[in-house]
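# Chain and residue survey
Next come the chains, spelled out residue by residue.
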Amino acid sequence: MPAALHIQQLNKHFANGKHALRDINLTVQPGEMVALIGASGSGKSTLLRHVAGLAVADASSESLIEVDGRCVQRAGRIHSNIRSVRSQVGFVFQQFNLVDRLPVLMNVLVGMLHRTPWWRGWLRMFKPHERALALEALGRVGIAECHAQRASTLSGGQQQRAAIARTLVQGAKVVLADEPIASLNPESSRKVMEILARINREDGCTVIVSLHQVDMAVRYCPRVVALHQGQVVYDGPSAALTPALLRSLYGVHADEILADTATAVPSIHPVVPIATPAQAPQWSPAMVQAA
Ligand SMILES: Nc1ncnc2c1ncn2[C@@H]1O[C@H](COP(=O)(O)OP(=O)(O)O)[C@@H](O)[C@H]1O
Ligand SMILES: [Mg+2]
């Protein structure tokens, strides 16, 4: 089985000269749930956008990003087949990205557009079984009763759950969530993380979720990839990510991602049973690189 995600020698310089991603090499196996952590500005969004083919890497012959064995971009060029790869990748944004004035159900059905003839999508003619699938997805994220409401009338947590339902009907194999809980209160944050963990466990979706702070990463994700100034400074089990290690990786910058959790981290254990990845990664001390 191909890796869910394979990134090789990824570098990104923005037009202003900012070197936002540095020599990223990363492989994620199908069925893993991985947290991408790092202070703001460390490159989390930039990395996820490259994986989704929404941003283009520096042109270097060795640079490669593949999802489920299919090329997203190589050597700084987006692959011509990007549309079919994108249909496999669900993207969940911090700000939900729903169409405010459309009903929730319609927002979820949008996830199906890649397999619906354009004119049916355009006329908003979805078939009964498609509507049933969308309703079922809304049921799974716990907001079926809101299906007829305009998206703008939902709370932030409910909107984010609708956005996850959209990736469910899309049939995405890989879900990329970019700080999905950054705008939510603690209770909604917990629900959203539990739903992501559940689709990982029940649907076998590979989930890569960027998080600003480390406590949620440790709680829900067996594996953590930590970025610092565009570099991977840690890739390993979340259980090993103690405040002491974080301080050694991040130095004076550790406080931003530890926030109020410094005392809580050692006592946190995963609250959900974790699915065993199809091919568990082999951890080794060599994977823990110095900052
Ligand atoms: N379009 C852009 N042009 C120039 N610099 C950018 C652009 N987008 C992001 N950056 C810079 O790249 C770095 C990484 O940004 P980002 O990926 O958004 O970090 P994070 O998501 O971890 O907060 C930051 O220094 C940011 O200012
Ligand atoms: Mg970001």
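Since the model is a prediction, treat every value here as computed from it, not as a measurement. (Residues numbered from 1 in each chain as written. Chains lettered and ligands numbered in written order. Predicted model: local features only at pLDDT ≥ 70, side-chain atom pairs only at ≥ 80, totals over all residues.)

### A word on the site of ligand 1
- Ligand 1 sits among F14, N16, K18, A20, G38, S40, G41, S42, G43, K44, S45 and T46.
- Ranked by residues supplied to the shell around ligand 1, first place goes to helix α1 (residues 44-51) with 3 residues.
- Grouping the amino acids of the shell around ligand 1 by side-chain chemistry returns 2 nonpolar, 8 polar and 2 charged. (Near = placed C-beta within 6 Å. Helix = DSSP H or I, 4+ residues; strand = E, 2+ residues; numbered from the N terminus. Nonpolar A, V, L, I, M, F, W, Y, C, P; charged D, E, K, R; others polar.)

### Thoughts on the pairing of strand β9 (residues 206-211)
- Among the 6 residues that make up β9, 6 are buried, leaving the element largely enclosed by the rest of the structure.
- Both faces of β9 are covered, namely the face carrying T206, I208 and S210 and the face carrying V207, V209 and L211.
- Of the pairings in the sheet, the one linking strand β3 (residues 33-37) to β9 comprises 5 bridges and is parallel in character. Looking at β9, one finds that I37 is bridged to L211.
- One ladder, built from 5 bridges, connects strand β8 (residues 174-178) with β9; its direction is parallel. The residue bridging V174 from the neighbouring strand is T206, located in β9.
- Handedness of the crossover joining β8 and β9 through helix α7 (residues 186-203): right-handed. (Buried ≥ 20, exposed ≤ 12 C-beta atoms within 10 Å, placed from the backbone. Pairing = 2+ DSSP bridges. Right-handed = clockwise from strand over helix to strand, strands pointing away.)

### Let's talk about α1
- Among the 8 residues in α1, 6 count as buried, and that is most of the element.
- Looking only at α1, the buried set comprises K44, T46, L47, L48, H50 and V51.
- Trailing α1 by a residue or two, G53 shows a phi angle of about 75°, which is positive.

### Looking at the sheet that holds strand β6 (residues 77-78)
- Taken together, the 5 strands give an open sheet; going across it, the order is β2-β1-β4-β5-β6, and neighbouring strands pair in antiparallel fashion. This sheet does not close on itself; its edge strands, each paired only once, are β2 (19-28) and β6.
- Bridge count between strand β1 (residues 5-13) and strand β4 (residues 64-67): 4 bridges; the pairing is antiparallel. Within β4, the position partnered with Q8 by the bridge is L64.

### Some points on the packing of helix α6 (residues 156-170) against α7
- Close contact between α6 and α7 brings their axes to 9 Å; oriented N to C, the two are set at 10°. The angle between α6 and α7 falls in the class roughly parallel. With respect to the hand of their crossing, α6 and α7 are arranged in right-handed fashion. Across from G156, G157, Q160, R161, I164 and L168 in α6, the residues of α7 making contact are S188, K191, V192, I195, L196 and I199. (Axes fitted to C-alpha atoms, helices over the stretch in contact; angles between N-to-C directions. Parallel < 35°, antiparallel > 145°, perpendicular 65-115°, else oblique. Left-handed = near helix turned anticlockwise from the far one by under 90°. Contact = placed C-beta atoms within 7 Å.)

### Let's talk about the confidence of the model for the protein
- On average, residues of the protein carry a pLDDT of 86, and 86% of them reach 70 or more.
- Element-level mean pLDDT values for the protein span from 64 in helix α4 (residues 118-122) up to 98 in β2.
- Below a pLDDT of 50 lies the segment residues 262-291, which in the model reaches 44 contacts outside its immediate sequence neighbourhood of four places, other chains included. (pLDDT = per-residue confidence, 0-100.)

### So, helix α5 (residues 128-140)
- The terminal C-alpha atoms of α5 lie 18 Å apart, and with 13 residues this matches the ideal 18 Å at 1.5 Å per residue to within 8%.
- Taken together, the buried positions of α5 are L133, A134, A137 and L138. Angular distribution of buried residues about the axis of α5 spans 140°; they occupy a single face of the element. Relative to its buried face, α5 has exposed residues pointing more than 90 degrees away, namely P128, H129 and A132.
- Buried residues in α5 make contact with α3 (104-109) and α6.
- Once α5 finishes, G142 follows within two positions and takes phi at roughly 85°, a positive value. (Expected span 1.5 Å × (residues − 1). Arc of directions from axis to C-beta.)

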